[in-house]
Amino acid sequence: VDDLLVFWNSGVFYSGTASYPAGRNVRAAIIPLVADLVAARQVAGMASHSAEHFCSACYLKLEDISNLDKTTWPTRDTHTHRVNAEQWRDAQSFAKQETIFKETGIRWSELLRLPYWDPIRFTVIDSMHNLYLGLLKTHCREIWGISTKESDGEESKAHQAPERPPDSEMTFGKFCLYNASKSELLKCSVNVLWHLCDERDIRCGMRRKSMVKALIKWVSRPIARWAQLQAEMDKADEKLRQASDGLALVKCLKSVLITMCEIRGLATNGTRAELSKRLYQDSDDAPNDPLLNTAPQRPGAGSIAQPAAPQPAHSRSQQKKKQDPRNHSNLIGKDTITEIIDDRDRMQIPSWVNPVPRTIGSGKLSADQWKTLCTINFPVTLIRIWGSKVGLKHDMLKNFCDLAAAVVLAGQRHMTEQRIAEIDFYLTRYLTSLSTLYKSAPLKPNHHYALHLPHFLRLFGPVHAWRAFPFERFNYLLQQVKTDMKFGELEMTMMLQICRAANLRPHLEEHEIQQYLDGVIEVFNDASGEDRRGLRLESVGPHRHAPDPELSARRRPTTLQIPVMSKLRKLLNEETSTDIVYVDSHVQARETHHFILTPHAIQCDKIRISGIWYSHSRASSRDSNITFRYPSGGTPASGRIHDIFLHSRTNGTEMVEDPFLVVQSLTELSAEHIRFDRHRTFPVIGGRIFYNEYSAKLLVIRPADVLGHTAITPMDVPGIKKRCLHVLPLTHV
């Protein structure tokens, strides 16, 4: 910070640089704090993600984490933060500092000595930890559950309700709700609170304080609650009188059905369907329920007798261990994993994508592999096997695809206000349906932080410049440096190794060197052990000195076929002005503005566009699958690269040399068969189904018309007798 203050206030004068031999004054500032949650909170001087004030961007309390309405979140401001931090710094005792920190969640940070540093706007939400290792991993591991040993569950473990406590505990819980204080309600077990919430259609996950707060809010307006409940019960009674079967009330609120059972003296446990059948089978009038006919009273005057005190904490923990084993079922079991692995093995993905291992149900995955699994493998397979179903699994699929769509859009290189609005929309809809769909899944801090991502996207632009992945990668590279573990010498060894590699890499990426040392560079890349796939490739992009597009060094002369020449001539004539017309060499009559287009060209195996290598289908089938625009600026199409060539011609004043691609498009589904394509229901993440047929008609496009690679998977589609391919565009890279 001492050095940074000098750079900010007066700057540092360098006596001479390569570009400025006479010297140059340099000023600098440090802006975003990029780190995981633990490090970011410590450096910024804020409380951890498990504290009451858990968020670095707003003052929402942890007990209110299920609140998804951004307009109600208390905002932080830099002035108040600095005042609180200075109070903590200037406190005369450790106890006083602890009191201030407990009240405000703020400590002093050395970065606050920088007059320009904003701890609220500059402490960014790291997308790598938040999205890939946070939301995606949590949804798969904790909400769904993945296991290679168990069969698929009909519901995920987050759907399962915790075991219902004994009636005595539930009765006491109801007494506390209507008669006692908040402190007494907090003494009830988590299971009691959960079932009290569930009976009243309150969704709060499994956090004790959140459930207590929601229950108190629910009961704070008893008259309004009673009026609403009475109206719903009148409707349910009318349905019951006209019922022809036991499922007539299955769509009523569960709280209404439970109340009707209580009035009739019937059991109140079970699902909506079970409660509905119980009411249908009962035809006797039941006495009025005192809970509903008297106002909430204090203990002693009560509407229900006060039972024994709640069980001690150790008994509740023992009870938790004895919960129904079905609570630990896994939605993604060995059957679904087998389907995912089969699709994975059939799928063609480009060479730069980091594939997931075949042990996805048991092994540890990196952030890059979580991204591949949840944005490529899961959408392809789960939409295929769940997309045609109606009910719970289809709802779970839509919920997951909202998350995957938000992750894909948030990782794109180009960011616009419209795209940020889409990210916000998908994240909000995902979390809203998550809290409704999964009864026992509490919202975590990462879920809340994700809703702040749009704010930071507006501040800093695409996430590639301010996410932790490059720094995590540097940590890995440092760990690979061989040292003798002698401190003092160790640091210098690392510095020399990293500097040598950093100095050598730019030289090897120079186009003039690559064309002579292509084989040597390939050996160097293999020896370095540096993985340049996936997120690594997204982070670095093309080298600034490399031409774009860039052709591979291996080239050979060729003669273009007549269909290719025809398409090339048509493309060039559509691009040029009316003063220039390209004609074939065999055309006899020529005007002064006619120029001969020769069939001679240079054929290449690969071409690099925006930092990514593409190949023709004979050189590398998986790197030839693309989405492209034809004609230029037209509707995107899918197909494969048939050939790559470099063509030279004159425009009347000079020779022009340009690369072109010959492509074949896939055959679209007929209007009759489109309805069988479930993947089209999810436009961002689903991809599309095509017939497994390539058009014999060759098209010629420019490299700029290539939108990106695709992942293609052979697939049998019910209702379509022809062989099909699923195509998932990877243009978000």
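Residues numbered from 1 in each chain as written. Predicted model: local features only at pLDDT ≥ 70, side-chain atom pairs only at ≥ 80, totals over all residues. Heavy atoms only, no water.

For the chain, the name recorded in an unreviewed UniProt entry is SAP domain-containing protein, with Obba rivulosa as its organism.

Turning to the overall build of the chain, a few remarks are in order. Helix and strand counts for the chain come out as 26 helices and 16 strands. By residue count, 46% of the 733 residues in the chain fall in the buried class. Within the chain, counting contacts between residues at least 6 apart in sequence, those at least 24 apart form 66% of the total. Roughly 36800 Å² of accessible area belongs to the chain as shown, and the carbon and sulfur atoms make up 53% of that amount. (Helix = DSSP H or I, 4+ residues; strand = E, 2+ residues; numbered from the N terminus. Buried < 20%, exposed > 50% of the residue type's maximum accessible area, 1.4 Å probe, protein only. Contact = heavy atoms within 4.5 Å. Areas by Shrake-Rupley, 256 points an atom, 1.4 Å probe, with all protein chains shown as cover.)

To continue, consider helix H3 (residues 78-90). The end-to-end C-alpha separation of H3 is 18 Å, in line with the 18 Å expected for 13 residues at 1.5 Å each. Buried residues of H3: His 81, Arg 82, Asn 84, Ala 85 and Trp 88, and no others. Seen along its axis, H3 keeps its buried residues to an arc of 165 degrees; they face one direction. Packed against the buried residues of H3 are helix H2 (37-44) and helix H4 (94-104). The backbone nitrogen of His 79 has a side-chain oxygen 3.3 Å away, supplied by the residue at the start of H3, namely Asp 77. (Expected span 1.5 Å × (residues − 1). Arc of directions from axis to C-beta. Polar contact = N/O pair within 3.5 Å; in protein donor to acceptor, adjacent residues only side chain to side chain.)

So, about the nonpolar core. Ranked by internal contacts, the top residues of the largest apolar core, which has 71 residues, are Trp 144, Phe 378 and Tyr 438. Within the residue set of this core, elements represented by two or more residues are helix H5 (127-144), helix H15 (334-346), helix H16 (367-386), helix H17 (392-410), helix H18 (417-437), helix H19 (445-450) and helix H20 (453-460). Broken down by element, this core gets its largest block of residues, 12 residues, from H17. By size, the runner-up hydrophobic cluster in this structure holds 32 residues, among which are Ile 376, Val 663, Met 715 and Leu 730. (Core = buried A, V, L, I, M, F, W, Y, C linked by side-chain atoms within 4.5 Å.)

Oppositely charged side chains may form a pair once their charged atoms are brought near each other. Applying the stated criterion across every chain, the model contains 32 salt bridges. Of the charged contacts, one joins Arg 164 and Glu 199 as a salt bridge, the two residues approaching to 3.0 Å between their closest N and O atoms. Taken together, the residues span a long stretch of sequence, with Arg 164 in the loop between H5 and helix H6 (167-179) and Glu 199 in helix H8 (residues 190-199) at a distance of 35 residues. Taking the shortest distance from any N to any O, the salt bridge between Arg 556 and Asp 605 comes out at 2.9 Å. Of this pair, Arg 556 sits in strand E4 (residues 555-559) while Asp 605 is found in the loop between strand E7 (600-604) and strand E8 (606-609), placing the two residues 49 residues apart along the sequence. What you see here is one network of salt bridges that share partners, running through Glu 339, Asp 343, Arg 346 and Arg 384. (Salt bridge = Lys/Arg side-chain N within 4 Å of Asp/Glu carboxyl O.)

For the rest of this paragraph, the subject is helix H9 (residues 208-219). Compared with the 16 Å implied by 1.5 Å per residue over 12 residues, the 17 Å span of H9 between its first and last C-alpha is a close match. Those residues of H9 that sit buried are Ser 210, Met 211, Val 212, Ala 214, Leu 215, Trp 218 and Val 219.

Further remarks concern the sheet that holds strand E9 (residues 612-615). In spatial order, the strands read E3-E8-E9; together these three strands make up an open sheet with antiparallel pairing. In the strand order of this sheet, the two ends are held by strand E3 (550-551) and E9, each with one partner. Direction of pairing for E8 relative to E9: antiparallel, over a ladder of four bridges. Its bridge partner lying in E9, Lys 606 is registered against Ser 615. (Pairing = 2+ DSSP bridges.)

The residue after Tyr 630, namely Pro 631, is reached through a cis peptide bond having omega -5 degrees. Relative to the helices and strands, Pro 631 resides in the loop between strand E10 (625-629) and strand E11 (636-650). The backbone of Ser 610 shows a phi angle near 55 degrees, a positive value even though the residue is not glycine. Note on placement: Ser 610 falls in the loop between E8 and E9.

Throughout the structure, instances matching the rule amount to 13 aromatic pairs. Seen in terms of ring centroids, Phe 172 and Phe 175 are 6.3 Å apart; in terms of plane orientation they differ by 25 degrees. Their pairing is stacked. A residue pair is termed a helical-turn pair when its members lie 3 or 4 positions apart in one helix, as Phe 172 and Phe 175 do in helix H6 at three residues. Taking the relative accessible area as the measure of exposure, Phe 172 reaches 5% and is therefore buried. Ring plane angle 45 degrees and centroid distance 6.5 Å describe the contact between Phe 456 and Trp 466, whose orientation is recorded as tilted. (Phe/Tyr/Trp six-rings, centres within 6.5 Å; stacked < 30°, edge-to-face > 60°.)

Turning next to the packing of helix H11 (residues 254-263) against helix H12 (residues 272-281). Between H11 and H12, the least distance of the axes is 10 Å, while the angle of their chain directions is 35 degrees. As for the relative orientation of H11 and H12, their crossing is left-handed in sense. Counted together, Lys 254, Leu 257, Ile 258, Met 260 and Cys 261 of H11 and Arg 272, Leu 275 and Leu 279 of H12 form the full contact between these two elements. For the contact of H11 with H12, the class distribution of residues is six nonpolar, no polar and two charged. (Axes fitted to C-alpha atoms, helices over the stretch in contact; angles between N-to-C directions. Left-handed = near helix turned anticlockwise from the far one by under 90°. Nonpolar A, V, L, I, M, F, W, Y, C, P; charged D, E, K, R; others polar.)

Turning next to the pairing of strand E6 (residues 594-597). Every second residue of E6 is oriented toward a common face, the buried set being Phe 595 and Leu 597 and the non-buried set His 594 and Ile 596. The pairing of strand E5 (residues 581-584) with E6 spans four bridges and is parallel. Within E6, the residue paired with Val 581 across the bridge is His 594.

A few words now on the environment of Asp 579. Within the secondary structure layout, Asp 579 lies in the loop between helix H26 (562-575) and E5. Taking the C-alpha atoms as reference, Asp 579 lies 5.8 Å from His 593; in sequence the two are 14 residues apart.

This brings us to a nonpolar patch on the surface. Taken together, the side chains of Met 492, Met 495 and Leu 496 make up a nonpolar region of the molecular surface, amounting to roughly 290 Å² of accessible area. Judged by its relative accessible area of 48%, Met 492 is partly exposed. (Patch = residues over 30% accessible without salt bridge, like charges linked within 9 Å, V, L, I, M, F, W, Y side chains within 5 Å.)

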